[in-house]
Amino acid sequence: MVRTAEGLRLEVRVGGRRLTLLTDTEDGFWARFYAPVERERMRLGEPVREIEQWRRSPPELAAILRPLWAARVGSPDGGSGPRSATG
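Here the structure is a predicted model, which is why all the values come from computation and not from measurement.

A. Structural view of the sheet that holds strand E1 (residues 2–3). Spatially, three strands are ordered E1-E2-E3 in an open sheet, and the strand pairing comes out antiparallel. Only two strands of the sheet have a single neighbouring strand rather than two, namely E1 and strand E3 (17–24). Relative to E3, strand E2 (residues 8–14) is paired through seven bridges, and the arrangement is antiparallel. Note on E3: the bridge partner recorded for Leu8 is Asp24.

B. Quick peek at the pairing of strand E5 (residues 46–55). With one of ten residues buried, E5 is to be regarded as a mostly surface element. Note that strand E4 (residues 34–43) and E5 share ten bridges and pair antiparallel. Looking at E5, one finds that Arg39 is bridged to Glu50.

C. Here's a closer look at the nonpolar core. Ranked by size, the top nonpolar core spans eleven residues in total: Leu8, Leu10, Val12, Val14, Leu19, Leu21, Leu22, Phe29, Phe33, Leu61 and Val73. For this core, the elements supplying multiple residues, two or more each, are E2 and E3. For this core, the leading source of residues is E2, giving four residues. Dropping the residues within four chain positions of it, Leu21 is found in contact with Leu10, Val12, Leu68, Trp69 and Arg72.

D. Quick look at the side chain of Glu11. Note on placement: Glu11 falls in strand E2. Setting aside residues no more than four positions away along its own chain, Glu11 makes contact with Val2, Arg18, Leu19 and Thr20.

The rules behind the values
- Residues numbered from 1 in each chain as written.
- Predicted model: local features only at pLDDT ≥ 70, side-chain atom pairs only at ≥ 80, totals over all residues.
- Heavy atoms only, no water.
- Pairing = 2+ DSSP bridges.
- Helix = DSSP H or I, 4+ residues; strand = E, 2+ residues; numbered from the N terminus.
- Buried < 20%, exposed > 50% of the residue type's maximum accessible area, 1.4 Å probe, protein only.
- Core = buried A, V, L, I, M, F, W, Y, C linked by side-chain atoms within 4.5 Å.
- Contact = heavy atoms within 4.5 Å.

See the structure below:
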């Protein structure tokens with residue numbers, strides 16, 4: 001993850017090359033990886049509802065990142081992707 005003046009960028013290194021998988025504003029970037037969760041707590045004997053940001057589960061994160069990876073690097077299962085046209 002790289003912080004820029006415009007927001008955040010997710011970069012990976014593949015075969016000695018640096019590729020950008022995702023670029024967005026800070027709020028837009030983190031919104032992909034965290035989900036709002038409503039919790040009810042007792043405060044001084046009264047129920048209070050709060051919204052918290054929780055990290056998404058590993059399968060959800062993989063589902064978010066897999067298409068970004070496939071579009072820039074190629075299929076994670078070794079199939080052909082965008083790189084196969086150039087070698």
